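What the coordinates show
Here's the letter readout for the chains.
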Amino acid sequence: MSPRKFFVGGNWKMNGDKETLGEVIMTLNTASLNDETEVVCGAPSIYLDYARSKLDRRIGVAAQNCYKVPKGAFTGEISPAMINDCGGSWVILGHSERRHVFGESDELIGQKVAHCLESDLGVIACIGEKLEEREAETTEDVVFAQTKVIADNVKDWARVVLAYEPVWAIGTGRTATPDQAQEVHEKLRGWLRANVSESVADSVRIIYGGSVTGGNCKELAAQADVDGFLVGGASLKPEFVDIINACS
Ligand code: PGA
């Protein structure tokens, strides 16, 4: 049995409206969910308040992004203070869509990580290689470099979850095999052991994301270093319940 509490995050991305998200929420509220799994739903920022007011208290609410300072003249941005004010307790940072669609740099992601942790939010920090990087056999270099920038900005690892999400697996239906996921997770834990500490390496949840479904989640969850999932498409479907219960 892993000493780490299984963690499943849903990432609704820019999908849904009050009606359809309300249905997703109703499904979760009435489902039988494994108590041993920590569950968080990543809502679009405009629906943070709505999600928090509707979701059962055993499910946390996450924002999908935020800015690196508490307030100011940053049109269109939201702050960790605002996420807290709307009842959110987590934020997803460094998602591949933020990195590759919106051009966020490692440096900016690091600054956001530091500020969110100082603001008492938990951080789901995402890393992952692109297809051409995997093919060039640079996966390790890429994910270690991304992890280093995150680690340089973390003082307290208790509220950090590391999400390994190979870019080629996100939204493509092409999931990493359990062996591929385990291989990278194990290396990441080794990196934490060598560069942060033994206890952080043992305690930090490393979760997998990229085309996780009700059908493939159990085999992935059975891997020694897979401590949960970050789920996009399937988090909007009833099968999200099966993913939450993957390690039951
Ligand atoms: P997906 O997305 O499950 O739809 O592949 C995962 C993610 O982007 O976090």
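Here the structure is a predicted model, which is why all the values come from computation and not from measurement.

Conventions we followed
- Residues numbered from 1 in each chain as written.
- Predicted model: local features only at pLDDT ≥ 70, side-chain atom pairs only at ≥ 80, totals over all residues.
- Heavy atoms only, no water.
- Helix = DSSP H or I, 4+ residues; strand = E, 2+ residues; numbered from the N terminus.
- Rg over C-alpha atoms; globule rule 2.2 N^0.38 Å.
- Buried < 20%, exposed > 50% of the residue type's maximum accessible area, 1.4 Å probe, protein only.
- Contact = heavy atoms within 4.5 Å.
- Areas by Shrake-Rupley, 256 points an atom, 1.4 Å probe, with all protein chains shown as cover.
- Lys, Arg positive; Asp, Glu negative; His and termini not counted.
- Charge placed at Lys NZ, Arg CZ, Asp CG, Glu CD.
- Disulfide = S-S within 2.5 Å.
- Pairing = 2+ DSSP bridges.
- Axes fitted to C-alpha atoms, helices over the stretch in contact; angles between N-to-C directions.
- Core = buried A, V, L, I, M, F, W, Y, C linked by side-chain atoms within 4.5 Å.
- Near = heavy atom within 4 Å.
- Polar contact = N/O pair within 3.5 Å; in protein donor to acceptor, adjacent residues only side chain to side chain.
- Nonpolar A, V, L, I, M, F, W, Y, C, P; charged D, E, K, R; others polar.

**Regarding the overall build of the protein chain**
Helices and strands together make up the secondary structure of the protein chain, namely 11 helices and eight strands. For 248 residues, the compact-globule estimate of 2.2 N^0.38 gives 18 Å, and the protein chain sits close to it at 17 Å. Seen through its C-alpha atoms, the protein chain measures out along the principal axes to roughly 45 × 45 × 35 Å. Classification of the 248 residues of the protein chain by burial places 53% in the buried group. In the protein chain, of all internal contacts separated by at least 6 residues, the share reaching a separation of at least 24 is 72%. Of the roughly 11200 Å² of accessible surface on the protein chain, 50% is carried by carbon and sulfur atoms. Where the 25 positive side-chain charges of the protein chain centre and where its 36 negative ones centre are 4 Å apart.

**Some words on the state of the cysteines**
Applying the stated rule across the entire model yields zero disulfides. Here Cys 41 stays unpaired: no disulfide links it, and the sulfur of Cys 126, its closest cysteine neighbor, is 15 Å away. Residue class for Cys 41 comes out buried when judged on its relative accessible area of 0%. Unpaired in this structure, Cys 217 has its nearest cysteine sulfur neighbour in Cys 247, at a distance of 9.6 Å. Here Cys 217 falls in the buried class, since its relative accessible area comes to 1%.

**A closer look at the sheet that holds strand 4 (residues 90–93)**
Pairing is parallel around the closed barrel formed by eight strands, whose spatial order is 1-2-3-4-5-6-7-8. Geometrically, the sheet is characterised by an average inter-axis angle of 25 degrees between neighbouring strands, direction not taken into account. As paired elements, strand 4 and strand 5 (residues 122–127) share four bridges and run parallel to each other. Following the sheet pairing, Ile 92 is matched in strand 5 by Ile 124. Relative to the sheet, helix 5 (residues 106–118) contacts strand 4, strand 5 and strand 6 (160–164), its axis offset from that of strand 4 by approximately 175 degrees. Relative to the sheet, helix 8 (residues 178–195) contacts strand 5, strand 6 and strand 7 (205–209), its axis offset from that of strand 7 by approximately 150 degrees.

**Overview of the nonpolar core**
Formed by 67 residues in total, the largest nonpolar core has its most connected members in Leu 28, Val 91, Tyr 208 and Phe 229. When residues in this core are grouped by element, the largest group, five residues, is from helix 8. Dropping the residues within four chain positions of it, Val 91 is found in contact with Ala 62, Ala 63, Asn 65, Cys 66, Ile 83, Cys 116, Leu 121, Gly 122, Val 123 and Ile 124. Judged by nonpolar contacts, the second largest core, of 11 residues, contains Ala 62, Trp 90, Ala 163 and Ile 207.

**Re the site of the ligand**
Surveying the vicinity of the ligand reveals 13 residues, the closest of which are Lys 13, His 95, Glu 165, Gly 171 and Ser 211. Here an oxygen atom of the ligand and a backbone polar atom of Gly 171 are 2.6 Å apart. Residue Ser 211 places a main-chain N or O atom 2.7 Å away from an oxygen atom belonging to the ligand. Considered class by class, the residues forming the shell around the ligand number four nonpolar, seven polar and two charged.

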